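# Per-entry structural report
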Amino acid sequence: MPQKPLVLDAPVPERRALTTEALQSEILEKLTYSVGKDPIVARPHDWLKATILTVRDRIIDQWMESSRETWRTSNKRVYYLSLEFLIGRLMRDAMSNIGVMEPVRAALKNFNVDLGDLINLEPDAALGNGGLGRLAACFMESMATVNIPAYGYGIRYVHGLFRQEMSEGWQVELPEDWLAHGNPWEFERRESSYEIGFGGHVEPVQEPDGTTRLEWRPAEHLLAVAFDTPIVGWRGKRVNTLRLWSAQPIDPILLDKFNAGDHIGALEESSRAAAVTRVLYPADSTPSGQELRLRQEFFFSSASLQDIVRRHMQAYGDLGSLSDKVAIQLNDTHPAISIAELMRILIDIHGMAWAPAWKLTKATFGYTNHTLLPEALETWPVGLLERMLPRQMQIIYAINAEVLGEARKMGGFTDSQIANLSLIDEHGSRRVRMGQLAFVGSHSINGVSALHSELLKKTLFSDLDRLYPERINNKTNGVTPRRWLLQCNPGLTRLISERIGPDFQDDFSLLAQLDKHADDPTFQDQFKAVKRANKVALAQVIKDRLGIVVSPDAMFDVQVKRIHEYKRQLLNVIEAVAQYSMIRSHPEKDWVPRVKVFAGKAAPGYWNAKLIIKLINDVAKVVNNDPAVRGLLKVVFLPNYNVSLAEQIIPAADLSEQISTAGMEASGTGNMKFMANGAITIGTLDGANVEMLEQVGPDNMVIFGLTADKVAEKRNRSEVPRSAIDASPALRQALEAISSGVFSPDDPNRYRDLIGGLYDHDWFMVARDFDAYAAAQRDIDELWNKPRKWYSMAIRNTAHVSWFSSDRTISQYAKEIWGVPVVGG
Ligand SMILES: *Cc1c(COP(=O)(O)O)cnc(C)c1O
């Protein structure tokens, strides 16, 4: 039934002022009346909460305005479904975007409270593993900035990604408790809660008009409760909602049990329900084949779709217009079950026929693919889906029949190609392929860099691309320049503003004006001074956390990202070992002093990744304590890499290591953050590095190694790496040192298998890229010895970064996938 109950000109409270005086009196008021503390006894966490509540009020004013505008204009809404949002801290971002950073600092100073201390006290919301989750967070900020009415939907994990500590150089995982002090940013919306079913069976139901309809009767229900966080864009123009779902038991059932005296049973059910949103799966580029993971995926997909459909019905009263008013983007396949769930809602609940429902579904969904790694492609056993989601499984079969029918009609597909595009993998035990489901249920499938999107067409989805041409497109990733330049590097922001004026903060393409200052010695010296100050700050962090002293005048050579064999931290550390022995055997030479900085988490079950962390720490121990090296080489591993640590490390980097095996990194976004902050990249032609080369030019980036084509060729020929090792004395010596226990005298065999793998198959081309990498590093040394050249390159990296703004990425999604207008994109 159509309902238009909203009175769009209802009164609003007076807007909160942004002056120091207003902020100061309100912080005191929040501290007193909302936190319940007298300033004479208030602790830092109390001040933090009072400050966040004060800033939040200013954002709420604009939040209400943004939402009214969307209701008023009936603009299309975008829904971004992601199992991960790697948000990090929110307070500095929010203050900076609404322009109250300095007044808040001044207001707090009058209470003798330091804003910087409070910023560092805020917990880092790590509701994601790495790049995919951080992309979702950057997109939320950019969608607000370019004025798109958008909602992010995800899960409110009680424990985000684990906290990483080191124990004798080994990674130890500890639970992260980001909610321990409460979360002043969020609003619990008990009224926006939905029942989510699991299990049970499907029953035919007779309609009064004589037709039959199928109805899913789940055996089990739980409640999805919404928690909303406002996300404010640049200059506070628009505020969107990040809606995270929390699982709770459904009360009446529990109450029955409790009243019947089954207290234990009631508690068990309660904790079983809550388990669905208790932890984030700590995997990156590997699927987590756990029943609980599938429950999480369906839980948040179903809640989000029920919410979207309810909102649409409230505004328009009819689902026929769904795809005109709603665009849903699937961030990877984790929410792909949404396709079957929307079909169920349209057909079983709203009585729509199959054909129009299928058309509407495809017109509504877009799917972003993030990986080609076969081991990372999500599949679920048919039996599990039949048990957990029987109706959705029926729908998946029906979709598959439709797709296979269309393939046969088109013709020209071999049996193996048909098997390839089927939603069901029939090899061995039958499994549902979530990538294929996401593809066929979407009108747009995008990769995240030019190279990755081409490879999608050529490899993973070649047959589906022929069946449904024009659906695959590219949207190269981006990062928000607010967080990754303005906020994390205030020194550089100030310098750029002095040189070309502050307008670049509203239009990052203006950064290109820096190009003509790149060879100006005065500007270079200023640029270098900013970099050095950032390095001094990072050196302090390294000293505080690890007790290692590093010189801010050495080159800071940085590789920070998840630890994975394809990202090749191993290549980097082997090169460090080779360099170490060069320095020892040629002490007379003029070596470039380097600090090699590593950080990153390994998935807890990924043995080789954890062993690589241990190797980095073992090498660090030997190299850092060898007087023969005279401090020319230092190796540090900073524990617990997260958004906040990234914000400290990246502005201090001279060299950015982006050295993945070509063809394996879908895009990378770390590379873009380093570029913005004036680091020079050493990298392979992989992911978005290819486009960085186009933007910044070959004179300002150091590229090495096998291309994606060559990697594929060598793998197809099963070429052995032995000859590469035999041909390179430096490599052979480094490998022998590591595998014979030079760095692990307490366990000489520790690295035997890890290094043995390089002789055996070397899937990631570490041995075969080694010489090219080492030569590229010597080129880097030469550049470092010509500081004028170095800083002109560094400046040009910042100057040409604007294309990697997530505002550009989001504007392309808006125009080419969602069909929504943007401002200033
Ligand atoms: C940007 C970012 C990533 C992604 O880094 P890549 O180098 O693209 O893998 C991962 N984790 C954090 C905390 C980040 O900020």
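Note that the structure is a prediction, hence the values are computed from the model and not measured.

### So, the overall build of the chain
- Helix and strand counts for the chain come out as 33 helices and 24 strands.
- Taking 28 Å as the expected radius of gyration for a compact globule of 825 residues, we find that the chain reaches 27 Å, a close match to that expectation.
- In terms of its C-alpha atoms, the chain occupies a principal-axis envelope of roughly 95 × 75 × 60 Å.
- Taking the intrachain contacts of the chain between residues at least 6 apart in sequence as the baseline, contacts between residues at least 24 apart amount to 77%.
- With 93 positive and 102 negative side-chain charges, the chain shows a separation of 2 Å between the mean positions of the two kinds.

### Some words on unusual backbone geometry
- In this structure, E470 is a non-glycine residue whose phi angle is positive, near 80 degrees.
- On the basis of relative accessible area, E470 is assigned to the exposed category, the value being 76%.
- One non-glycine residue, R568, lies in the positive phi region at around 65 degrees.
- Take R568: it is sitting in the loop between β19 (555-560) and α22 (569-585).
- Residue classification places R568 among the buried residues on the basis of a relative accessible area of 0%.

### Quick word on the site of the ligand
- The immediate surroundings of the ligand are formed by 14 residues, with K561, K567, T669, G670 and K673 found nearest.
- The contact in question runs from an oxygen atom of the ligand to an N or O atom on the side chain of K673, over 2.6 Å.
- When the ligand is considered free in solution it has 390 Å² of accessible area, and contact with the protein chains removes 96% of it.
- Contributing elements (two or more residues each) for the shell around the ligand: α24 (643-649) and α25 (670-676).
- Of the residues contributing to the shell around the ligand, the split by class is five nonpolar, six polar and three charged.

### Re the packing of α22 against helix α31 (residues 766-784)
- Running from N to C, α22 and α31 point in directions that differ by 60 degrees, and their axes come no closer than 10 Å. By the angle between their directions, the pair α22 and α31 is classed as oblique. Every pair of crossing elements has a handedness; the one defined by α22 and α31 is right-handed. For the pair α22 and α31, the contacting residues are L571, N572, I574, E575, A578 and Q579 in the first and V766, F770, Y773, A774, Q777, R778 and D781 in the second.
- Here the contact of α22 with α31 is built from residues that sort into seven nonpolar, three polar and three charged.

### Things to note about the sheet that holds strand β10 (residues 220-232)
- Taken together, the nine strands give an open sheet; going across it, the order is β7-β10-β11-β4-β1-β12-β13-β17-β18, and neighbouring strands pair in mixed fashion. Since the sheet does not close on itself, it has two edges, and those belong to β7 (187-198) and β18 (472-474), each with one partner. Across the sheet, the mean angle separating the axes of adjacent strands is 25 degrees when strand polarity is ignored.
- Sheet contacts for helix α17 (residues 450-458): β17 (444-447) and β18; angle to β18, the most-contacted strand, approximately 165 degrees.
- Helix α33 (residues 806-818) contacts β1 (77-81), β12 (326-331), β13 (365-368), β17 and β18 of the sheet and is inclined by roughly 120 degrees relative to β12.

### What to know about the UniProt feature "modified residue: N6-(pyridoxal phosphate)lysine" (unreviewed entry) in the chain
- Sites flagged by UniProt as "modified residue: N6-(pyridoxal phosphate)lysine" (unreviewed entry) map to K673.
- Here K673 is to be found in helix α25.
- The class for K673 is buried, based on a relative accessible area of 7%.
- Non-local contacts of K673, meaning those with residues more than four positions away in its chain, are made with R134, V479, W484 and I650.

### Points about the nonpolar core
- Judged by nonpolar contacts, the single largest core of 260 residues is most densely connected at M143, I148, F299, I574 and W818.
- Once you skip the residues sitting within four places of it in the chain, M143 turns out to touch V78, Y80, I148, A150, N240, I810 and W818.
- Counting five residues, the second-largest nonpolar core is a separate cluster that includes A662, L706, A708 and M765.

### Concerning the sheet that holds strand β14 (residues 379-381)
- Pairing is antiparallel in the open sheet, where three strands are placed in the order β14-β16-β15. In this open sheet, the two edge strands, each paired with only one partner strand, are β14 and β15 (424-425).
- In this sheet, strand β16 (residues 431-433) lies alongside β15 in antiparallel orientation, the contact comprising two bridges. Residue pairing across strands places I424 opposite V432, the latter belonging to β16.

### Here we look at α17
- Within α17, the full set of buried residues consists of H452, S453, L455 and L456. Along the long axis of α17, the arc covered by the buried residues comes to 160 degrees, so they all point the same way.
- As for α17, its buried residues are in contact with β17, α18 (462-467) and β18.

### A word on the pairing of strand β21 (residues 633-637)
- With respect to burial, β21 is a largely interior element, five of its five residues being buried.
- In this sheet, β21 lies alongside strand β20 (residues 594-599) in parallel orientation, the contact comprising five bridges. Residue V597 lies in a different strand from β21, and its bridge partner there is V636.
- Between the parallel elements β20 and β21, the chain passes through helix α23 (residues 607-624) in a crossover that is right-handed.

### Some remarks on the pairing of β13
- Here β13 shows a buried face lined by F365 and Y367 and a second buried face lined by G366 and T368.
- With three bridges joining them, β13 and β17 adopt parallel strand pairing. From the neighbouring strand, T368 faces β17, where its bridge partner is N446.

### Notes on the pattern of salt bridges
- Per the counting criterion, the structure on display carries 56 salt bridges.
- Residue R190 pairs with E188 through a salt bridge whose shortest N-O separation is 3.3 Å.
- One salt bridge in this structure joins D519 and R796, with 3.0 Å as the shortest N-O distance. Residue D519 is located in the loop between α20 (490-500) and α21 (521-546), and its partner R796 is located in helix α32 (residues 787-799); the two are separated by 277 residues in the primary sequence.
- Take D519: its relative accessible area is 51%, and that puts it in the exposed class.
- Taking relative accessible area as the criterion, R796 reaches 16% and is therefore assigned buried.
- A cluster of three or more residues bridged by salt bridges with shared partners is formed by D557, E575, R594, K596, E657, R778 and D781.

### Some details on the packing of α21 against α32
- Contact geometry of α21 with α32 gives a least axis separation of 10 Å together with a crossing angle of 75 degrees. In terms of orientation, α21 and α32 fall into the roughly perpendicular class. Contacts between α21 and α32 involve P521, F523, Q524, D525, F527 and K528 from the first element and R788, Y791, S792, A794, I795 and T798 from the second.
- The class makeup of the residues in the contact of α21 with α32 is six nonpolar, three polar and three charged.

### Structural notes on the state of the cysteines
- Scanning the entire structure with this criterion turns up zero disulfides.
- Just so you know, C138 is unpaired, no disulfide at all, and the nearest cysteine sulfur is the one on C488, 11 Å from it.

### Considerations on α32
- For α32, which comprises 13 residues, the first-to-last C-alpha distance of 18 Å matches the rise-based estimate of 18 Å (1.5 Å per residue) to within 8%.
- Listing the buried residues of α32 in full gives W790, Y791, S792, M793, A794, I795, R796, N797, T798 and A799.

### Here's the deal with the side chain of S192
- With respect to the helices and strands, S192 occurs in strand β7.
- The exposure class assigned to S192 is buried, which follows from its relative accessible area of 10%.
- Filtering out sequence-adjacent residues up to four positions away, S192 remains in contact with A224, V225, A226, R243 and W245.

Thresholds applied
Residues numbered from 1 in each chain as written. Predicted model: local features only at pLDDT ≥ 70, side-chain atom pairs only at ≥ 80, totals over all residues. Heavy atoms only, no water. Helix = DSSP H or I, 4+ residues; strand = E, 2+ residues; numbered from the N terminus. Rg over C-alpha atoms; globule rule 2.2 N^0.38 Å. Contact = heavy atoms within 4.5 Å. Lys, Arg positive; Asp, Glu negative; His and termini not counted. Charge placed at Lys NZ, Arg CZ, Asp CG, Glu CD. Buried < 20%, exposed > 50% of the residue type's maximum accessible area, 1.4 Å probe, protein only. Near = heavy atom within 4 Å. Polar contact = N/O pair within 3.5 Å; in protein donor to acceptor, adjacent residues only side chain to side chain. Areas by Shrake-Rupley, 256 points an atom, 1.4 Å probe, with all protein chains shown as cover. Nonpolar A, V, L, I, M, F, W, Y, C, P; charged D, E, K, R; others polar. Axes fitted to C-alpha atoms, helices over the stretch in contact; angles between N-to-C directions. Parallel < 35°, antiparallel > 145°, perpendicular 65-115°, else oblique. Left-handed = near helix turned anticlockwise from the far one by under 90°. Pairing = 2+ DSSP bridges. UniProt positions renumbered as here; feature names shortened; annotations may be inferred. Core = buried A, V, L, I, M, F, W, Y, C linked by side-chain atoms within 4.5 Å. Arc of directions from axis to C-beta. Right-handed = clockwise from strand over helix to strand, strands pointing away. Salt bridge = Lys/Arg side-chain N within 4 Å of Asp/Glu carboxyl O. Disulfide = S-S within 2.5 Å. Expected span 1.5 Å × (residues − 1).

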